[in-house]
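Inside the fold
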Amino acid sequence: MTTPTAGTFFGHPKGLFLLFGTEMWERFGYYGMRALLVLYLVASVQDGGFGWTNAEALSLYGTFTMAVYLTPVIGGWLADNFIGQRRAIILGGIIFSLGYFTLGIPKSMLVGMEETVFYIGLTLIVIGNGLFKANVSSLVGDLYEDGDHRRDGAFTIFYMGINLGAFLAPITVGVLGEQVNWHYGFILAGCGMLIGLTLQLLFAKKYLGDIGVEPSAKRTDGKQEAHAPLTSEDFDRMKVILIMSMFSVIFWAGFEQAGGLFTIYASDFTDRTIFGMEVAASSFQSLNAMFIIMLAPVVASVWVKMGSNEPTSPKKFALAMVFLALGFFVMLWATMVQGGDVTVKVSMLFLVFAYLFHTLGELCLSPIGLSMVTKLAPLKFTSLLMGIWFFFTALSNWLAAFIGSFVGEGQEMVDNAANIFMGVGSAALVTGIIIFLSAGKLVQWMHGAEGDNAHNLEDKIEEEIAVTGTHEGISEKQ
């Protein structure tokens, strides 16, 4: 495999900006569809939705997002062993687009088959996601020779594309779907995916050369250490991976209320009028990406200025749980303002601050995730432990929907929402305390891997912005 020689742009290979655009438009489609999904399901039949209960909609949402985090394992394996990353991306993009456009078919054309076609659309999206998401980021690293100092900065740029797409989608796709026609929103999401696919078809050969064409399993790397026996240090490090993976379920189960319970609360109980205009409930989902773009450099500079006093990864994880708890306690405050009255609409600032605290928590998770797996896992068990991380991430999405499904309907929503916010916030706080008290032992079991953290602002910014990629199960190939 040779790196492309199509020239540079801002000091990086032009292929990086092709991948940036491809990923931005793919995320635009996915986050736009996700912003609409629950609202579409609970909307009445007269308003163009399915009229499902909150519990039914959240249950499907949880199953769908769980599958979204599991299928990249299969897609990555297929690309590595049989079809190559580039073919997987093209095939995934085509199936992705078909899924969105299937959701965009007007119900008037599907009399008696509405739900069947809807499920087909979601299935296509899950399959397309598995082929696409597992393989785009691996191409970023392949643009650079081993040891190239520009590589980390390249991932910063690439992850910014994820956040930009995640920010733009809810305020465009979401608004169009909510306020004009649900199916128009899904079609716009599909158009975003088509733009990303078209970029690959037109420019990949020129700007990516032959990277990702040959399945990686056919390339030998001569790493004999893959057959070395496990040591006691390896077992300790694997314990850290398993422990942090299990605890991560609690964080993401709370964090993922953004696409479910928080969106329903925004729709039903939030005063969304500003300057005489109504803000779409789905638009609040853009806050997370916006806050990441704004705050990643700030958080990174704080860690750098702390120097030797910078918290260890487990302590950052504990801090993340505290921020998660604060976000839920803000929402608990909102229900207290309602006073049990379903007709009372609370200020949208409650949701804004909840998203702010949850984003700060996410930024504290930057040392945790797939980067931790690649850093701590014995070489011959890296894929297995990656799979375990994917499994727990998927489980957290199912758990998020299970928790949210208890919100109920109508008047009972206020009381039930308060109980959920209190319960998840308290669980997060207790978990944070447990992790903080265990931090010393966890660092000891890392056997020096904790010392690999970056200590300059540029690397820290890359680390913080990468949290979205880490959450989505994206990791550069090692």
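Below: a short report on this structure. Being a predicted model, the structure only gives us computed values, none of them experimental.

**As for the overall build of the protein chain**
Helix and strand counts for the protein chain come out as 16 helices and six strands. Whereas a compact globule of 478 residues would reach a radius of gyration of roughly 23 Å, the protein chain reaches 22 Å, a difference of no more than 12%. Its C-alpha atoms give the protein chain principal-axis dimensions of about 65 × 55 × 40 Å. Out of the 478 residues belonging to the protein chain, those deemed buried represent 56%. Of the roughly 19200 Å² of accessible surface on the protein chain, 66% is carried by carbon and sulfur atoms. For the protein chain, the distance from the average site of its 26 positive side-chain charges to the average site of its 39 negative ones is 7 Å.

**Comments concerning the packing of helix α10 (residues 313-338) against helix α14 (residues 412-446)**
At a closest axis distance of 7 Å, the pairing of α10 and α14 adopts a crossing angle of 170°. Comparing the axis directions of α10 and α14 gives the class roughly antiparallel. Classifying every residue of the contact of α10 with α14 gives 25 nonpolar, six polar and one charged.

**Concerning the side chain of Gln200**
Within the secondary structure, Gln200 sits in helix α6 (residues 182-208). The class of Gln200 is buried, set by a relative accessible area of 3%. Reaching out from Gln200, the side chain makes a polar contact with the side chain of Thr22 at a distance of 3.1 Å. Apart from the residues lying within four places of it in its own chain, the contact partners of Gln200 are Leu18, Leu19, Thr22, Arg86, Ile89, Ile90 and Leu208.

**Points about the environment of Leu103**
Here Leu103 shows up in helix α2 (residues 54-103). Looking at Leu103, the relative accessible area reads 3%, which means it is buried. Along the sequence, Leu103 and Leu395 sit 292 residues apart, while their C-alpha atoms lie 25 Å from each other. Once you skip the residues sitting within four places of it in the chain, Leu103 turns out to touch Met33, Phe118, Gly121, Leu122, Ile125, His183 and Phe186.

**Comments concerning the environment of Lys460**
Positionally, Lys460 belongs in helix α15 (residues 457-465). Lys460 gets classed as buried once you look at its relative accessible area, which sits at 0%. Along the primary structure Lys460 and Gln444 are separated by 16 residues, whereas in three dimensions their C-alpha atoms are 23 Å apart.

**Observations regarding the packing of aromatic side chains**
Across all of its chains, the model carries 30 aromatic pairs by this definition. Both rings, one in Phe50 and one in Trp52, keep their centres 6.0 Å apart while their planes meet at 45°; by these two values the pair is tilted. Residue Phe50 is classed as buried on the basis of its relative accessible area of 12%. Overall, the relative accessible area of 12% leaves Trp52 in the buried class. Between Trp333 and Phe350, the aromatic rings sit 5.4 Å apart at their centres with planes inclined by 80°, giving edge-to-face as the arrangement. Here Trp333 is found in helix α10, whereas its partner Phe350 is found in helix α11 (residues 349-364), with 17 residues between them in sequence.

**Description of unusual backbone geometry**
Unlike most non-glycine residues, Phe275 shows phi in positive territory, near 55°. Secondary-structure assignment places Phe275 in the loop between β4 (273-274) and β5 (277-278). When its relative accessible area of 80% is taken as the criterion, Phe275 is described as exposed. Despite not being glycine, His447 shows a phi value in the positive range, around 50°. Secondary-structure assignment places His447 in the loop between α14 and α15.

Each value, and the rule that gives it
- Residues numbered from 1 in each chain as written.
- Predicted model: local features only at pLDDT ≥ 70, side-chain atom pairs only at ≥ 80, totals over all residues.
- Heavy atoms only, no water.
- Helix = DSSP H or I, 4+ residues; strand = E, 2+ residues; numbered from the N terminus.
- Rg over C-alpha atoms; globule rule 2.2 N^0.38 Å.
- Buried < 20%, exposed > 50% of the residue type's maximum accessible area, 1.4 Å probe, protein only.
- Areas by Shrake-Rupley, 256 points an atom, 1.4 Å probe, with all protein chains shown as cover.
- Lys, Arg positive; Asp, Glu negative; His and termini not counted.
- Charge placed at Lys NZ, Arg CZ, Asp CG, Glu CD.
- Axes fitted to C-alpha atoms, helices over the stretch in contact; angles between N-to-C directions.
- Parallel < 35°, antiparallel > 145°, perpendicular 65-115°, else oblique.
- Nonpolar A, V, L, I, M, F, W, Y, C, P; charged D, E, K, R; others polar.
- Polar contact = N/O pair within 3.5 Å; in protein donor to acceptor, adjacent residues only side chain to side chain.
- Contact = heavy atoms within 4.5 Å.
- Phe/Tyr/Trp six-rings, centres within 6.5 Å; stacked < 30°, edge-to-face > 60°.

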